[in-house]
Number of protein chains: 2
Amino acid sequence: MRRLLVLSALLTTAAVQAPKPLTPSEIVAQAPAVDWRTIPAEDLLLIDYQGGGRTIVQLAPQFAPVHVANIRALAGAGYWRGASVYRVQDNYVAQWGTNDEKAALPTGVVKRPPAEYTRSVRGLTIRRFPHADPYALRVGHAGGWPVAVYAGDQASLTHCYGTVGVGRDLAPDTGMGGELYAVIGHAPRHLDRNIAIVGRVVEGIEQLSALPRGTEALGFYKEGTVAKRITAVRLASALSAAERPSFQYMAETSPSFAAYLRARANRRDDFYQVPAGGVDICNAPVPVRRAPAR
Amino acid sequence: MRRLLVLSALLTTAAVQAPKPLTPSEIVAQAPAVDWRTIPAEDLLLIDYQGGGRTIVQLAPQFAPVHVANIRALAGAGYWRGASVYRVQDNYVAQWGTNDEKAALPTGVVKRPPAEYTRSVRGLTIRRFPHADPYALRVGHAGGWPVAVYAGDQASLTHCYGTVGVGRDLAPDTGMGGELYAVIGHAPRHLDRNIAIVGRVVEGIEQLSALPRGTEALGFYKEGTVAKRITAVRLASALSAAERPSFQYMAETSPSFAAYLRARANRRDDFYQVPAGGVDICNAPVPVRRAPAR
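Residues numbered from 1 in each chain as written. Chains lettered and ligands numbered in written order. Predicted model: local features only at pLDDT ≥ 70, side-chain atom pairs only at ≥ 80, totals over all residues. Heavy atoms only, no water.

A. Quick peek at the sheet that holds strand 3 (residues 54–59) of chain B. Residue and element names in this part refer to chain B. Taken in spatial order, the eight strands line up as 2-3-13-11-12-5-4-14 and close into a barrel, and their pairing is antiparallel. Direction aside, neighbouring strands of the sheet carry axes that sit 35 degrees apart on average. Bridge count between strand 11 (residues 163–166) and strand 12 (residues 179–183): three bridges; the pairing is antiparallel. Each bridged residue has a counterpart across the sheet, and for V166 the counterpart in strand 12 is L180. Its contacts with the sheet put helix 3 (residues 65–76) on strand 2 (44–49), strand 3, strand 11, strand 12, strand 13 (197–203) and strand 14 (228–235), and the angle it makes with strand 14 is roughly 105 degrees. (Pairing = 2+ DSSP bridges. Helix = DSSP H or I, 4+ residues; strand = E, 2+ residues; numbered from the N terminus. Axes fitted to C-alpha atoms, helices over the stretch in contact; angles between N-to-C directions. Contact = heavy atoms within 4.5 Å.)

Right, dumping it as structure tokens:
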């Protein structure tokens, strides 16, 4: 009998010592340096607001090169000084910028960019996302971005929470890049392939998502009022090395990313009774972090 | 030549007169009275805030009867007078209420309700949703609610934008109902089957979604601070007929609902270049409206 008790005690100890499955946050926190890629400073757009606060957007030149070049040129020329956030529609988008048809455009800005809504899958190494998607033939990740693939080997970025796109009028307009929006609600994936996606918010989304909703149709603010004013929009590369923020994304080719996706699809924290066994691509956002101090 | 010109003019007229496909909003606006179902007054929970503003939640007794009975009893007893919204986590949830372990519970409140996270599909007439879902065997609608179906003929409501659930501690706790949350971001479907869903916000979500995000872990407000105070939580059925708001949902069995789902999956407004050909269940929320004046 005594032996049985000892055995039982050993088993209990073993059970206690069995490692608990890591949560998605723990996997991200423990991912080694080799699993992270630094985002180039010319791909970070810093939006500063009157009264403080900043939103940082990572640009996606691989997907909308002309629109992104426009945005860099507009930022470089101080085009958005004094612009505003003028539309906040609940469960949809916050929109900002300016598009003064009469004002001269800064040098290098293409007035009518091509419709960069999709691009060829050629040149993209897409790691397949292993769960169903109701919008595309398949989805996956490439270069740190969620990507949807359609017939004709066309790829597009996906409208997820925090995705940044270019406001436009009806076709043939594609948006010059002066007016941008960020998604602040459930993923409006029906916009995919219909608008130029130029990036994603990597910090400070709450500067946009927590704003009072506009009272007019489509969440626009009343004529003469704005949600907040923008004091400056600059590329991180325009700042001194000391002032410049640096961000990293988790490589989709890394073991950490694979573990992260598994954990997002199968939550095993103490809180969860039933792991889902699946996840949608917008509910497993690519981890992005501030680059750790060296 | 003249005849050709006339024919051409006729063709042009015909093209102009061809009906444009309706947008989802137009389908909802034009749906006949017979396609709507009135929500019972005892299923509407009115949350009033200090300084004005109201959030209205439709309760789902078909899915979490004991939790919903608790919520009705708590509302009836004025349990939430002076309670607060104390957690606002970006792209996740806003949470409110109170759970004073020492306070006596109102008569009729079950301290430890069963885990009403799923229920049998028996008794539900589920109209199948025709697009892929990465979380469940299949999804559909029943009685105006989005429903996911799992192995063992178990059904659950889905965590979409605006879904209301019951905060709980670790199992075996299931939440008494004193603390509730509403989803204010991308659908956290991984919570399905892990928590009691008791309803959805049908009006006034912006009273929660536009609040400043909490600065502490998980979006909690700093000790001693709150996002806003609640002055009263009442059932619509407790109000006089004159004060009582009335809402209707679009029946999933109606032609309007079928047309609405098709339009959500295939946007053909002038703005859209490419219809998606699919949609996820949380991106096609069941239309709910104020009952029109008779």
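B. The relation of the copies chain B and chain A, seen in detail. Once turned by 180 degrees and shifted 0.0 Å along the axis, chain B lies on chain A with an RMSD of 0.0 Å. The relationship between the two copies is best expressed as a two-fold rotation axis. Of the interface residues in chain B, 98% have counterparts in chain A that sit at the interface too, so the contact is made through matching surfaces. (Least-squares fit on C-alpha atoms with pLDDT ≥ 70 in both.)

C. Summary view of the confidence of the model for chain A. Residue and element names in this part refer to chain A. Counting all residues, the mean pLDDT for chain A is 93, and 94% of those residues have values of 70 or more. Within the model, pLDDT remains below 50 along residues 1–15, and this stretch shows zero contacts once partners closer than five positions in the same chain are excluded. Both scores are available for the predicted complex, with the pTM at 0.93 and the ipTM at 0.93. (pLDDT = per-residue confidence, 0-100.)

D. Representation of the nonpolar core in the model. With 38 residues, the main nonpolar core has A:L45, A:W80, A:W96 and A:L180 as its most contacted residues. Element by element, the count of residues in this core is highest for helix 3 (residues 65–76) of chain A, at five residues. Among residues more than four places away in sequence, those in contact with A:W96 are A:I47, A:S84, A:V85, A:Y86, A:V164, A:G178, A:E179, A:L180, A:Y181, A:A182, A:L208 and A:I230. B:L45, B:Y161, B:M176 and B:I230 belong to the second largest nonpolar core, which has 36 residues in total. (Core = buried A, V, L, I, M, F, W, Y, C linked by side-chain atoms within 4.5 Å. Buried < 20%, exposed > 50% of the residue type's maximum accessible area, 1.4 Å probe, protein only.)

E. Structural context of the interface of chain B and chain A. Of the residues lining the interface, 45 residues belong to chain B; the matching set on chain A comes to 44 residues. Taken together, the two surfaces of chain B and chain A that pack against each other cover about 3,700 Å², and 56% of this comes from carbon and sulfur. Of the residues belonging to the side of chain B that touches chain A, the class tally is 23 nonpolar, eleven polar and eleven charged. (Buried area = accessible area lost by both parts, 1.4 Å probe. Nonpolar A, V, L, I, M, F, W, Y, C, P; charged D, E, K, R; others polar.)

F. The UniProt feature "domain: PPIase cyclophilin-type" (unreviewed entry) in chain A, seen in detail. Taking the UniProt record as the reference, the feature "domain: PPIase cyclophilin-type" (unreviewed entry) is found at residues 53–211 of chain A. What you have in residues 53–211 of chain A is 10% helix and 32% strand, and the ends, taken at the C-alpha atoms, are 12 Å apart. (UniProt positions renumbered as here; feature names shortened; annotations may be inferred.)

G. Inspection of the domain arrangement of chain A at higher detail. Residue and element names in this part refer to chain A. Split by domain assignment, chain A resolves into domain 1 (21–39 + 246–284) and domain 2 (41–112 + 160–237). Distance from the C-alpha centre of domain 1 to the C-alpha centre of domain 2: 28 Å. At the junction of the two partners, domain 1 supplies five residues and domain 2 supplies eleven residues. Of the roughly 670 Å² buried between domain 1 and domain 2, counting both surfaces, carbon and sulfur atoms make up 76%. Broken down residue by residue, the surface that domain 1 buries against domain 2 is led by I39, F247 and C282, which jointly contribute 83%. Counting across the interface, domain 1 meets domain 2 through zero salt bridges. Summed over the shared surface of domain 1 and domain 2, the number is one residue pair in polar contact (both at pLDDT 80 or more). When the residues that make up the side of domain 1 that touches domain 2 are grouped by side-chain class, the tally is five nonpolar, no polar and no charged. (Domains from an automatic or database assignment. Salt bridge = Lys/Arg side-chain N within 4 Å of Asp/Glu carboxyl O. Polar contact = N/O pair within 3.5 Å; in protein donor to acceptor, adjacent residues only side chain to side chain.)

H. Expanded view of helix 3 of chain B. Residues and elements named next belong to chain B. Between its first and last C-alpha atoms helix 3 spans 16 Å; for twelve residues at 1.5 Å apiece the expected length is 16 Å, and the two agree. Within helix 3, the full set of buried residues consists of H67, V68, N70, I71, L74 and A75. Along the axis of helix 3, the buried positions cluster into a sector of 155 degrees, meaning they face one direction only. Immediately downstream of helix 3, the backbone of G78 shows phi near 70 degrees, a positive value. (Expected span 1.5 Å × (residues − 1). Arc of directions from axis to C-beta.)

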